[in-house]
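If you want the building blocks of each chain, they are given just below.
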Amino acid sequence: MKHDARSIRPFIGAKDFEVSRSFYRDIGFEERVISPNMSLFVTGALGFYLQDYYMQEWIDNTMIFLEVDDAERYYDELNSLNLANKYPGVQLVPVRKESWGQECFLHDPSGVLWHFGQFNK
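Report follows, based on the coordinates. Just so we're clear, the structure is a prediction, and the values are computed from it rather than from any experiment.

**Structural notes on the side chain of Arg21**
For Arg21, the location among the structural elements is in helix H1 (residues 17-26). If near-sequence neighbours (up to four positions away) are discounted, Arg21 is found in contact with Glu31, Val33, Ser39, Phe41 and Leu50.

And the structure:
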């Protein structure tokens, strides 16, 4: 089967939709409102859908890996935003070096776990 894929956009939920919308704008995503209960958040050609829907079992098992060019710089920029003080439940974990590269972790206000990783060259 031959594909001409253009993007992949996961759907993630939000415990408090307005808080999550603000959080994602704060970390640098551009919001494109689709409907009163769904937005597309983009950075460059990448994006994901945030929906006003919450099921704890689903959120607790949602992880997203975003490849970045410099994990240390990305961590420093996230850390400078003081997100844990602004958004209850948010946790930023410092960069860890692994055999394949390095990554830091960020739990969003709903509990979605983001991996911001940089692969070894």
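Now, onward.
**A short note on the packing of aromatic side chains**
Both the distance between ring centres and the angle between the ring planes are used here to describe each pair of aromatic rings. Going through the model one piece at a time under the given rule, you end up with 17 aromatic pairs. With a centroid separation of 5.6 Å and an interplanar angle of 15 degrees, the aromatic rings of Phe41 and Phe48 are classed as stacked. With a relative accessible area of 2%, Phe48 lands in the buried category. Ring pairing ties together the aromatic residues Phe23, Tyr24, Phe29, Phe41, Phe48, Tyr74, Tyr87, Trp114 and Phe116, which thus form one cluster.

**Regarding the environment of Pro94**
Along the polypeptide, Pro94 turns up in strand S6 (residues 91-97). Residue classification places Pro94 among the partly exposed residues on the basis of a relative accessible area of 44%. For the pair Pro94 and Phe65, spaced 29 residues apart in the sequence, the C-alpha separation amounts to 15 Å. When neighbours within four sequence positions are excluded, Pro94 is seen to be in contact with Tyr75, Glu103 and Cys104.

Reading the values: the criteria
- Residues numbered from 1 in each chain as written.
- Predicted model: local features only at pLDDT ≥ 70, side-chain atom pairs only at ≥ 80, totals over all residues.
- Heavy atoms only, no water.
- Helix = DSSP H or I, 4+ residues; strand = E, 2+ residues; numbered from the N terminus.
- Contact = heavy atoms within 4.5 Å.
- Phe/Tyr/Trp six-rings, centres within 6.5 Å; stacked < 30°, edge-to-face > 60°.
- Buried < 20%, exposed > 50% of the residue type's maximum accessible area, 1.4 Å probe, protein only.

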